Each structure stands twice: as C-alpha cells, then as structure tokens.
Amino acid sequence: MHHKLKLLGGAAIVSIFASPAFAQETPAGTSINNQATVTYSVGGSNGSSTSNTATFVVDKKVNLAVAEVGGTSTKVSIGGTDQVTTFTVTNLTNATQDIRLFGGQQVVSIPLLGTDDFNVTSLRVFVDSNGNNTYDAGVDTATFIDELAPDATVTVFIVANIPNTAGIHTAIVGLEGTVAAGGTPGSLGADLVATPLLTADSAGTVDIVFADDANLLDQLRDGAHWAFDAYTIDSASVTVNKTARVVSDPYNLLVNPKAIPGAVVEYCISIANAGPGIASGVQLSDAIPSGTTFVPGSISVGGLGVGQCLLNGTAEDDNNTGADESDLYGGSFDSSGNGTVHATVGNVLPLIPLNVSFRVTIN
C-alpha cells in the first residue's frame, strides 16, 4: 500500500539526520531495596535497630531514536527498481522492546531534502537481519524489529521502485518507529500505552512513562519517532530536434529564397534536456544528406533558440584541432563518403537547449 503523509506548514525540523543518544539506564522492573539502621546507647550499652525493607520497582521510561544514514539524499535513476534508503533505529527504553515500523512518503518540501514532486511505488520496509548494513533481497525480510535490547541499534531499509517518468526529481520518504511490547520472540507486540498521568505510582507495578521529544510528525511523548530521506533522480532526459531553412538561392538571393539547386540550406539541431540532472559529455554526429554538399566553415556549436538557430554559438572550422577546439565546444567535418559533421556540445543543463548548426548547398 502506498502512503503519503502531509506535513503541517511551519513545523520545526528536528533530528532529520540526528544521531541517537544512548540511555544506559537502570532496567525497568529492577527491584530497588533499602533498609535504614539506627544505632543508640542506653545506660552505657550500645544497641541498634534495623528498619523494614522499603521496596519499589523501576518503571519503564519509553524512548527511541530513528536516524537517516549518510546525511544526503539517495541518488537513483528513472525506472530503477528496489532502490534503497537506509536508517538506524535505537532502543532508548530501559527494557527490551519490539519496534513497529512504518514507511511513508511526504507531499511537501523539507528544506534539507528538496521538494517532493513524484511518488515512488511498491514502498516496503525491511530490517537488516544479518547486521551487514546492506540490503539483501530475500534475506532481509523482517518488517518489524523483534526484541531489541536497551541501547541496541539495528539498521532498517526503505525499498521502493522509481517510476519511468521524464522530468521527475525528488521523492521524500520517512521511516517511523513506534515502541511496542517485547517479551514474545518472533511476534510483534502491541504498541505500548502510557500509564495515565492521574494514576498514582505503585511501588510494585512497572508503570509506563513516555519520554520521547517532539519531532517532525511526532507529538511530544507519543512513543514514536520519525526520520527522513529522499530519492533524488540523477539522470537526464535528452531530446533532439532538427530543422532546415533555406538561407539563399542564386536568383532570389536572401528574399524568400527557395530550395532550388544552388540554394544554401541551414540545418539547426536543438539538443534539449528535460532534466533533472545535467547531461554531460554530449556529442553529435550528422551525416550530410545525398543531393547536397557541405559548406566549408559553416559549423556553429552552442547556439541558443528552439526550432531554429536564432543565436549562433561559437564558430568552428572543419578540423578537430586548433584553438577552436579548446573552448567549451568543438566541431569538425569528416569528408569521407558524402561527409559527416561532428560536434562536441559538452554539458546540457535542464531546460536550456543548445544548438549545432551547419550549412549545405543543394546540388
């Protein structure tokens, strides 16, 4: 089942990447016994008297910490399956407890993680069963933490699939741990319930006191804790569009020229990136079509404009050496066969198309 959890506007962000503080406290249920002794003197004789034993048991102070591992978002690719974000859960309760786990996705931004703009699918939560801190499919199958000792920490994974959708960037996910009753290995106990505030302490009863702080999505003293991570798309969606326009012909010159033999035609190839990542190392090759001849020295790389080259880039000569090849862009013409234009475009940023243009003459 897919879950989306809405954050309240203006909520303080606490412990998104926090590390747990360890309890090291007296275990719940421990009997604390104490007697008092009085010594005295009567008529020169010494005596003593010992009190009865005052006894009480230590109550259960319930607390836990959930923390994201790594401190940065998880980089994934569009369409990726079984993508993993990693958390730790620490039992800060002074007793062995089960921890119920819940994984969900947010619908608004968290400043450290970005703005949620897509839904993961098949979101699942698994406990690291062998302690290697790496998700092992088919091995890490437990969906709750069983019998976690005081101060002990276990690794938990959120596993999800990334949709194959262009333009998506960030999916913020969270892991919630809730303290549950321990004592029955292999079975998840019921969520703990705090002893009512109006109930007087009983010396022989282990009362339950929630001691956890408020956190994002957590109420003060609710026996639960959240931490957050994000899947961030680290890929690009590149498209290429090519247009042709007649620049001149032998008779009309520059005035409404027509595509007749002897006319010069400019090809404009627009390379666009829908993001979200930067497309790097972009190279283009374009074979000169039959029935035309390449116009020497007509290559331009890095121009702007969509549909046609409204603003040319850097002028390139026809070889792949020299000063014109040492800037951000490069271009060359391979004359073998009918010829091929090559261009080095480099990086194409999201939503900023770059163009390559060249000209041919109609034979």
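See above for the structure.
Residues numbered from 1 in each chain as written. Predicted model: local features only at pLDDT ≥ 70, side-chain atom pairs only at ≥ 80, totals over all residues. Heavy atoms only, no water.

**Student:** Help me understand the overall build of the protein chain in this model?
**Tutor:** A tally of helices and strands in the protein chain yields zero helices and 25 strands. Here the C-alpha radius of gyration of the protein chain, 35 Å, is well above what a compact globule of 363 residues would show, namely 21 Å. The C-alpha extent of the protein chain, read off along each of the three principal axes, is 140 × 45 × 40 Å. Residues classed as buried in the protein chain amount to 41% of the 363 residues present. Within the protein chain, counting contacts between residues at least 6 apart in sequence, those at least 24 apart form 72% of the total. Accessible area of the protein chain: about 18,000 Å², with a carbon and sulfur share of 54%. Across the protein chain, the centroid of the 12 positively charged side chains sits 10 Å from that of the 33 negatively charged ones. (Helix = DSSP H or I, 4+ residues; strand = E, 2+ residues; numbered from the N terminus. Rg over C-alpha atoms; globule rule 2.2 N^0.38 Å. Buried < 20%, exposed > 50% of the residue type's maximum accessible area, 1.4 Å probe, protein only. Contact = heavy atoms within 4.5 Å. Areas by Shrake-Rupley, 256 points an atom, 1.4 Å probe, with all protein chains shown as cover. Lys, Arg positive; Asp, Glu negative; His and termini not counted. Charge placed at Lys NZ, Arg CZ, Asp CG, Glu CD.)

**Student:** Would you mind showing me how to read the sheet that holds strand S11 (residues 121-127) here?
**Tutor:** Sheet strands line up and pair through hydrogen bonds in the backbone, either parallel or antiparallel. Ordered by their spatial adjacency, four strands build an open sheet running S7-S9-S13-S11, and the pairing between neighbours is antiparallel. Two strands bound the open sheet, and with one partner strand each, they are strand S7 (64-68) and S11. The average angle at which neighbouring strand axes cross in this sheet is 20°, direction not considered. With five bridges connecting them, S11 and strand S13 (residues 153-161) associate as antiparallel partners. Note that in S13 the partner of Val-127 across the bridge is Val-156. (Pairing = 2+ DSSP bridges. Axes fitted to C-alpha atoms, helices over the stretch in contact; angles between N-to-C directions.)

**Student:** Would you explain the sheet that holds strand S23 (residues 330-334) in this entry?
**Tutor:** Judged by pairing direction, the sheet is antiparallel, and its three strands sit side by side in the order S19-S24-S23 without closing on themselves. The outermost strands of the open sheet, each flanked by one partner alone, are strand S19 (279-287) and S23. Within the sheet, the average angular offset between the axes of one strand and its neighbour, ignoring direction, is 15°.

**Student:** I tried to follow the pairing of S7 on my own but got confused; where do I start?
**Tutor:** Each regular strand displays side chains that alternate between the two surfaces of the sheet. Across the five residues that make up S7, a large majority, five, are buried. Going residue by residue along S7, you find Leu-64, Val-66 and Glu-68 tucked away on one face and Ala-65 and Ala-67 tucked away on the opposite face as well. Pairing geometry for S7 and strand S9 (residues 83-91), over five bridges, is antiparallel. Looking across to S9, one finds that Glu-68 is bridged to Phe-87.

**Student:** Please explain a nonpolar patch on the surface as it appears in this structure.
**Tutor:** A cluster of nonpolar side chains, namely Ile-278, Leu-304, Leu-311, Leu-349 and Ile-352, defines an oily patch on the protein surface of about 430 Å² accessible area. Take Ile-278: it is sitting in the loop between strand S18 (264-273) and S19. (Patch = residues over 30% accessible without salt bridge, like charges linked within 9 Å, V, L, I, M, F, W, Y side chains within 5 Å. Salt bridge = Lys/Arg side-chain N within 4 Å of Asp/Glu carboxyl O.)

**Student:** Honestly, the pattern of salt bridges in this entry has me stumped. Any pointers?
**Tutor:** Here the idea is simple: oppositely charged side chains can pair when their charged atoms come close. Counted under the stated rule, the structure contains six salt bridges. Across the pair Asp-82 and Arg-124 runs a salt bridge, and its minimum N-O distance is 2.9 Å. Of this pair, Asp-82 sits in the loop between strand S8 (74-76) and S9 while Arg-124 sits in strand S11; the two residues are 42 residues apart in sequence, bridging distant segments of the chain. Residue class for Asp-82 comes out partly exposed when judged on its relative accessible area of 37%. In this structure, Asp-191 and Arg-100 form a salt bridge, with 2.8 Å as the shortest nitrogen-oxygen distance. Of the two residues, Asp-191 sits in the loop between strand S14 (170-180) and strand S15 (208-210) while Arg-100 sits in strand S10 (residues 97-106), which places them 91 residues apart along the sequence. Take Asp-191: its relative accessible area is 33%, and that puts it in the partly exposed class.

**Student:** Before we go on, may I ask you to explain the nonpolar core in this structure?
**Tutor:** One recurring pattern in soluble globular proteins is that nonpolar side chains are buried together. Judged by nonpolar contacts, the single largest core of 31 residues is most densely connected at Val-89, Leu-101, Val-120, Ile-145, Leu-175 and Tyr-231. With near-sequence residues (within four places) excluded, Val-89 lies in contact with Leu-64, Ala-65, Val-66, Ile-99, Leu-101, Ile-145, Leu-148, Ala-152, Thr-153, Val-154, Val-156 and Leu-175. Val-265, Ile-269, Ile-271 and Phe-358 belong to the second-largest nonpolar core, a separate cluster that totals 22 residues. (Core = buried A, V, L, I, M, F, W, Y, C linked by side-chain atoms within 4.5 Å.)

**Student:** Help me understand the side chain of Thr-170, please; the structure alone is not making it clear to me.
**Tutor:** By secondary structure assignment, the location of Thr-170 is in strand S14. On the accessibility criterion, Thr-170 (1% relative accessible area) is buried. A distance of 2.7 Å separates polar atoms of two side chains, one belonging to Thr-170 and the other to His-169. Beyond its immediate chain neighbours, meaning those up to four positions away, Thr-170 contacts Leu-113, Thr-115, Asp-116, Asp-117, Phe-118, Ala-230, Tyr-231 and Thr-232. (Polar contact = N/O pair within 3.5 Å; in protein donor to acceptor, adjacent residues only side chain to side chain.)

**Student:** Hey, could you run me through unusual backbone geometry in this one?
**Tutor:** Among all residues save glycine, negative phi is the norm, and among peptide bonds the norm is trans. The phi dihedral of Arg-221 is positive, around 55°, even though this residue is not glycine. Relative to the helices and strands, Arg-221 resides in the loop between S15 and strand S16 (224-233). Although it is not a glycine, Asn-256 sits at a positive phi angle of roughly 45°. Locating Asn-256 in the fold gives a position in the loop between strand S17 (238-248) and S18. Overall, Asn-256 belongs to the exposed group, its relative accessible area being 58%.

**Student:** Mind showing me how you'd approach the packing of aromatic side chains here?
**Tutor:** Within a pair of aromatic rings, the relevant descriptors are the distance that separates the centres and the angle that separates the planes. As enumerated under the stated definition, the model contains seven aromatic pairs in all. Geometrically, the ring pair formed by Phe-126 and Tyr-135 is stacked, given 5.8 Å between the ring centres and 20° between the ring planes. Each member of the pair, Phe-126 as well as Tyr-135, is classed as buried. Pairing Trp-226 with Phe-228 gives two aromatic rings, centres 5.8 Å apart and planes at 5°, and the pair type is stacked. This pair shows no difference in class: Trp-226 is buried, exactly as Phe-228 is. Between Lys-242 and the ring centre of Tyr-267, over which it is positioned, the NZ or CZ distance is 4.3 Å. (Phe/Tyr/Trp six-rings, centres within 6.5 Å; stacked < 30°, edge-to-face > 60°. Lys NZ or Arg CZ within 6 Å of the ring centre and 35° of its normal.)

Functional significance is not addressed by these values, which are geometric in nature.
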